[in-house]
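Tertiary structure, described
Spelled out, the chains give:
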Number of protein chains: 2
Amino acid sequence: MSFNLLKANFLKHTSLTDDELNSINHYYEERQVDKGEYILRQGDICRFEGFVTKGCFEISTTDSQGNERILYFAAQDWWVMEIDSFISQTSSELDIKAIEPSRLLVITKTDKEKLYQEVPKAERLFRVMSQRAVVAWQRRLIRNHTMTAEERYFHFLKTYPEISQRITNKQIASYLGITQEFVSKIRKKNLSRGK
Amino acid sequence: MSFNLLKANFLKHTSLTDDELNSINHYYEERQVDKGEYILRQGDICRFEGFVTKGCFEISTTDSQGNERILYFAAQDWWVMEIDSFISQTSSELDIKAIEPSRLLVITKTDKEKLYQEVPKAERLFRVMSQRAVVAWQRRLIRNHTMTAEERYFHFLKTYPEISQRITNKQIASYLGITQEFVSKIRKKNLSRGK
DNA sequence: ATCGTTTATTGAACTAGTTTAAGGGTTTTG
DNA sequence: CAAAACCCTTAAACTAGTTCAATAAACGAT
């Protein structure tokens, strides 16, 4: 059952009683999304916070020259939202698209506020989750400054082996901030060595 | 008075009663730091969370080849800590050094936990702060992927005009993830145009 | 003031990664 | 199943940013 995934995710971050867990879960609703379907587009206001239970999403920006840059992938057990747009209910700078048939548990902005009031412990839960997210983003920035494209490519394959196999090289390139052609070169160069 | 800066910072993120503010402030202690002094070194455990009231700090990593990479600067009104090391009390990957004679309000890990218990609203406060931090780190990553070094340089000058004037070009270069020499070239190229 | 150290600038040679273009392969869709 | 659309690879030409080295300028400690 999908809610169990969500519960397990919550318990990774803080301890919660069964009552608290049930109250929290109560606010989430499952939603199915087709492959290729956008659940948010640049310019829209993000009215949900989602937890992926199946499939995979791609979170990206498109710059002025029309280049798509993938910020991250969200597969099972990941959170997906435009955090800035969701918290301040302003226009989104990101697109969110399902890249596989997917399912998510969603909560609306108003329900999220109700949830914080009904279950104060949820503040702690999301505080801890957000702090861990800060760590992850900082680490990624450091990697971009200290590692070469080739190192970052193999780091990605090693860190996300399952996701790597479900996406195209073009998507990996976009995530790493390099071109598809350069990923091809890296792969060719390392063909012999079983990297 | 320094605590007023801290209070004002808290109130930017959520509403708090005077009682709550006073309880929170009570846990913070002011500390003075000399120019050049490290308040944290790679490998140490970060036992404090600091709020800068005067001066400026540099938060950096040193990679295997001995290159220092500056992750961010923290001047007045910024938070300074090794967030990963502080929350999980593990060995720090970052150095934190005062680059001017500075002052900060610090809270220890144990006092921070006490604070969360005494003032439950603090969970909300730091939840909101952390979420905003996530937004900022995401945006910076996107800028690194979509803007050239030159664009990032001028974006930095424009976004942090006061800090820009207090640090060296070498430090800006390190923050931007480029070389000092390339910053020189960018500056030379743009000398005429009053950029 | 002065010595030593760190920083800024410049230029030449270099390289990691891009661009453009073309051909072949694989999905997706009707 | 065919057409369209997208993806992957390759190669040649290019460019943004680096490296190295040398000199001048600014800063900090005594």
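About the criteria used
Residues numbered from 1 in each chain as written. Chains lettered and ligands numbered in written order. Predicted model: local features only at pLDDT ≥ 70, side-chain atom pairs only at ≥ 80, totals over all residues. Heavy atoms only, no water. Pairing = 2+ DSSP bridges. Helix = DSSP H or I, 4+ residues; strand = E, 2+ residues; numbered from the N terminus. Contact = heavy atoms within 4.5 Å. Axes fitted to C-alpha atoms, helices over the stretch in contact; angles between N-to-C directions. Near = heavy atom within 4 Å. Polar contact = N/O pair within 3.5 Å; in protein donor to acceptor, adjacent residues only side chain to side chain. Nonpolar A, V, L, I, M, F, W, Y, C, P; charged D, E, K, R; others polar.

Residues and elements named next belong to chain A. Reading across the sheet, the 4 strands line up as S1-S8-S3-S6 and stay open at both edges, with antiparallel pairing between neighbours. Of all strands in the sheet, those bounded by a partner on one side alone are strand S1 (29-33) and strand S6 (79-80). Pairing analysis gives 2 bridges linking strand S3 (residues 48-54) to S6, with the strands arranged antiparallel. Looking across to S6, one finds that Phe-51 is bridged to Trp-79. Across the sheet, helix H1 (residues 2-13) lies against S1, S3, S6 and strand S8 (102-108), angled at about 110° from S3, the strand it touches most.

Next up on the list: the protein's contact with DNA strand D. Close to DNA strand D lie 17 residues, the nearest being A:Asn169, A:Lys170, A:Ser184, B:Lys35 and B:Lys185. Sugar plus phosphate, as a fraction of atoms of DNA strand D within 4 Å of the protein: 68%. Take A:Asn169: an N or O atom from its main chain is 2.9 Å from a phosphate oxygen of DNA strand D. Contacts to DNA strand D include B:Ala149, whose backbone N or O atom sits 3.1 Å from a phosphate oxygen. Sorting the residues of the surface near DNA strand D by element identifies helix H8 (169-176) and helix H9 (180-189) of chain A together with helix H9 (180-189) of chain B as the ones contributing at least two each. Of all the elements, H9(A) adds the most residues to the surface near DNA strand D, at 5 residues. Partitioned by chemical class, the residues of the surface near DNA strand D number 3 nonpolar, 7 polar and 7 charged.

This brings us to the pairing of strand S7 (residues 95-98) of chain A. All names here are of chain A. Examined bridge by bridge, strand S2 (residues 38-40) and S7 share 2 bridges and lie antiparallel to one another. Counted as the bridge partner of Tyr-38 is Lys-97 from S7. Bridge analysis of strand S4 (residues 56-62) against S7 gives 4 bridges, and the strand direction is antiparallel. If you follow Ser-60 over to S7, its bridge partner there is Asp-95.

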